[in-house]
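# Examining the three-dimensional arrangement
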Amino acid sequence: MDLKNGSLVTEFILQGFSGQWELQIFFFVTFSLIYGATVVGNILIMVTVTCSSTLHSPVYFLLGNLSFLDMCLSTATTPKMIIDLLTEHKTISVWGCMTQMFFMHFFGGAEMTLLIIMAFDRYVAICKPLHYRTLMSHRLLHGFVTLSWIIGFMHTMSQIVLTVNLPFCGHNVINNIFCDLPLVIKLACIETYTLELFVIADSGLLSFTCFILLLVSYIAILVSVPKKSSVGLSKALSTLSAHIIVVTLFFGPCIFIYAWPFSSLASNRTLAVFYTVITPLLNPIIYTLRNKKMQEAMRKLRFQYVSSA
């Protein structure tokens with residue numbers, strides 16, 4: 001190992017969003033509002049699902065878990081990014097960087113798995129409504145959610161264990177708004193070709209496989225719905241089209257960043273914003289807040305709170 005000047009890197013420099021000070025302020029205000037709305041929206045969904053007796057069904061149990069994962073995924077990156085917009089020296093310690101990547105892949109891997117579980121739930125609800133309660137039992141739901149957390153943990157540990165002991169020396173500039181695994185690996189002082197291929201196989205294939213499985217499940221739903229009624233088809237198209245938009249915005253950047261061989265696409269900060277900032281806000285809007293039953297439950301809880309106050 002050739003250590004430049006015999007020194008090891010103790011912190012990384014995040015380039016963040018470059019531009020004039022006015023543009024930095026604009027990004028600061030915009031991302032602060034988005035993050036605030038993400039946290040408030042997802043907490044509101046979790047509280048409503050927990051406290052409303054009318055929402056104790058499998059789909060809302062899964063939506064509550066999705067909201068928690070969205071909030072955690074956004075919190076792993078966005079607050080640091082917002083603070084850096086107001087600082088001239090955007091730095092993060094090596095261990096802080098490793099921690100950020102650990103939680104990003106932990107919550108991201110769990111959310112990918114949960115989205116597939118939600119697609120299966122919608123397939124059973126739309127295509128086999130008479131067997132829905134039997135198939136989607138509470139025991140199976142808790143098992144599914146536990147499985148998503150296990151997969152997320154295994155996904156992040158398989159990569160962090162190999163990354164945390166890499167020696168870093170000399171170059172320490174990360175061309176992104178947060179610590180991104182492909183870019184951090186390339187800063188190591190040793191040959192990382194094998195590790196880069198492993199990241200592509202791990203994160204890239206996980207993202208691509210989950211995306212394909214989701215599309216297949218949505219197509220299966222659309223193929224079976226016309227046999228029921230035109231009203232059901234219209235409702236399914238309205239619901240699934242919104243879901244597909246959110247899924248594409250989440251998985252599209254992930255596939256390009258992690259499945260594409262380590263090219264310039266890996267440093268595209270715009271793509272990174274989509275799946276860490278924008279999507280966690282869209283998920284509660286698309287999946288939950290458009291739901292009439294959820295809206296009614298929120299109104300009842302607000303009325304109960306006002307009455308008790």
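Thresholds applied
- Residues numbered from 1 in each chain as written.
- Predicted model: local features only at pLDDT ≥ 70, side-chain atom pairs only at ≥ 80, totals over all residues.
- Heavy atoms only, no water.
- UniProt positions renumbered as here; feature names shortened; annotations may be inferred.
- Helix = DSSP H or I, 4+ residues; strand = E, 2+ residues; numbered from the N terminus.
- Buried < 20%, exposed > 50% of the residue type's maximum accessible area, 1.4 Å probe, protein only.
- Contact = heavy atoms within 4.5 Å.
- Areas by Shrake-Rupley, 256 points an atom, 1.4 Å probe, with all protein chains shown as cover.
- Pairing = 2+ DSSP bridges.
- Axes fitted to C-alpha atoms, helices over the stretch in contact; angles between N-to-C directions.
- Disulfide = S-S within 2.5 Å.
- Patch = residues over 30% accessible without salt bridge, like charges linked within 9 Å, V, L, I, M, F, W, Y side chains within 5 Å.
- Salt bridge = Lys/Arg side-chain N within 4 Å of Asp/Glu carboxyl O.
- Parallel < 35°, antiparallel > 145°, perpendicular 65-115°, else oblique.
- Left-handed = near helix turned anticlockwise from the far one by under 90°.
- Nonpolar A, V, L, I, M, F, W, Y, C, P; charged D, E, K, R; others polar.
- Core = buried A, V, L, I, M, F, W, Y, C linked by side-chain atoms within 4.5 Å.

In the annotation of an unreviewed UniProt entry, the protein is listed under the name Olfactory receptor and assigned to Theropithecus gelada. As recorded by UniProt, the Sequence similarities (unreviewed entry) comment attached to the protein reads in full: "Belongs to the G-protein coupled receptor 1 family."

For the protein, the count of helices and strands is ten helices and three strands. Reading the protein from its N end, one meets helices and strands in the order β-α-α-β-α-α-α-β-α-α-α-α-α. Here the protein holds 309 residues, and the buried ones make up 49% of them. Counted over contacts in the protein with a minimum sequence separation of 6, partners at least 24 positions apart contribute 80%. Only carbon and sulfur atoms are counted for the fraction: they give 69% of the accessible area of the protein, which is about 15,200 Å².

Moving on, we get to the UniProt feature "transmembrane region" (unreviewed entry) in the protein. Here, the residues flagged by UniProt with the feature "transmembrane region" (unreviewed entry) are residues 25-47, 59-82, 102-120, 140-162, 205-225, 237-260 and 272-289. In residues 25-47, helix accounts for 100% and strand for 0%; the two terminal C-alpha atoms are 33 Å from one another. Along residues 140-162 the backbone is 100% helical and 0% strand, and the end-to-end C-alpha distance reaches 33 Å.

So, on to the sheet that holds strand β3 (residues 173-174). Spatially, the three strands line up as an open sheet ordered β2-β1-β3, and their pairing is mixed. Two strands bound the open sheet, and with one partner strand each, they are β2 (91-93) and β3. Bridge count between strand β1 (residues 11-14) and β3: two bridges; the pairing is parallel. The partner of Leu 14 across the bridge, within β3, is Ile 174. Of the strands in this sheet, β1, β2 and β3 are in contact with helix α3 (residues 94-127), which crosses β2 at around 85 degrees.

Let us look at the state of the cysteines. A complete count under the given rule lists two disulfides for this structure. With a sulfur-sulfur separation of 2.1 Å, Cys 97 is cross-linked through a disulfide to Cys 179. Across the disulfide from Cys 97 to Cys 179, rotation about the S-S bond amounts to roughly -135 degrees, and the bridge is consequently left-handed. Here the residue Cys 97 occupies a position in helix α3, and Cys 179 occupies one in the loop between β3 and α6 (181-185), the gap between them amounting to 82 residues. Each member of the pair Cys 97 and Cys 179 is classed as buried. The disulfide bridge from Cys 169 ends at Cys 189, spanning 1.8 Å between sulfur atoms.

Take the pairing of β1 next. Residues Phe 12 and Leu 14 point to one face of β1 and are all buried, whereas Glu 11 and Ile 13, pointing to the other face, are not buried. As paired strands, β1 and β2 are joined by three bridges and run antiparallel to one another. The partner of Ile 13 across the bridge, within β2, is Thr 91.

Further remarks concern a nonpolar patch on the surface. On the surface, Trp 21, Ile 25, Val 29, Leu 33 and Leu 86 cluster together into a nonpolar patch covering about 480 Å² of accessible area. Relative to the assigned elements, Ile 25 resides in helix α1 (residues 21-51). Taking the relative accessible area as the measure of exposure, Ile 25 reaches 30% and is therefore partly exposed.

What follows is about the packing of α3 against helix α7 (residues 193-224). Interhelical geometry of α3 versus α7 gives an angle of 15 degrees and a closest axis separation of 10 Å. Classified by the angle between their axes, α3 and α7 sit roughly parallel to one another. As for the relative orientation of α3 and α7, their crossing is left-handed in sense. For the pair α3 and α7, contact is made by His 105, Gly 109, Met 112, Leu 115, Ile 116, Ala 119, Arg 122, Tyr 123, Ile 126 and Cys 127 and by Ser 203, Leu 206, Ser 207, Cys 210, Leu 213, Leu 214, Ser 217, Tyr 218, Ala 220, Ile 221 and Ser 224, respectively. Classifying every residue of the contact of α3 with α7 by side-chain character gives 14 nonpolar, six polar and one charged.

Let us look at the pattern of salt bridges. Counted under the stated rule, the structure contains four salt bridges. As a salt-bridge pair, Lys 80 and Asp 84 come within 3.3 Å of each other at their nearest N and O atoms. Placement of both Lys 80 and Asp 84 in helix α2 (residues 58-84) is noted, with a separation of four residues, approximately one turn of the helix. Looking at Lys 80, the relative accessible area reads 24%, which means it is partly exposed.

Attention now goes to the nonpolar core. Core analysis: the biggest nonpolar cluster contains 88 residues, and Phe 12, Phe 31, Phe 168, Ile 174, Val 184, Phe 251 and Tyr 275 have the highest contact counts within it. In terms of residue count, α3 provides more of this core than any other element does, 17 residues in total. Apart from the residues lying within four places of it in its own chain, the contact partners of Phe 168 are Leu 8, Val 9, Phe 12, Met 98, Thr 163, Val 184, Leu 187, Ala 188 and Cys 189.

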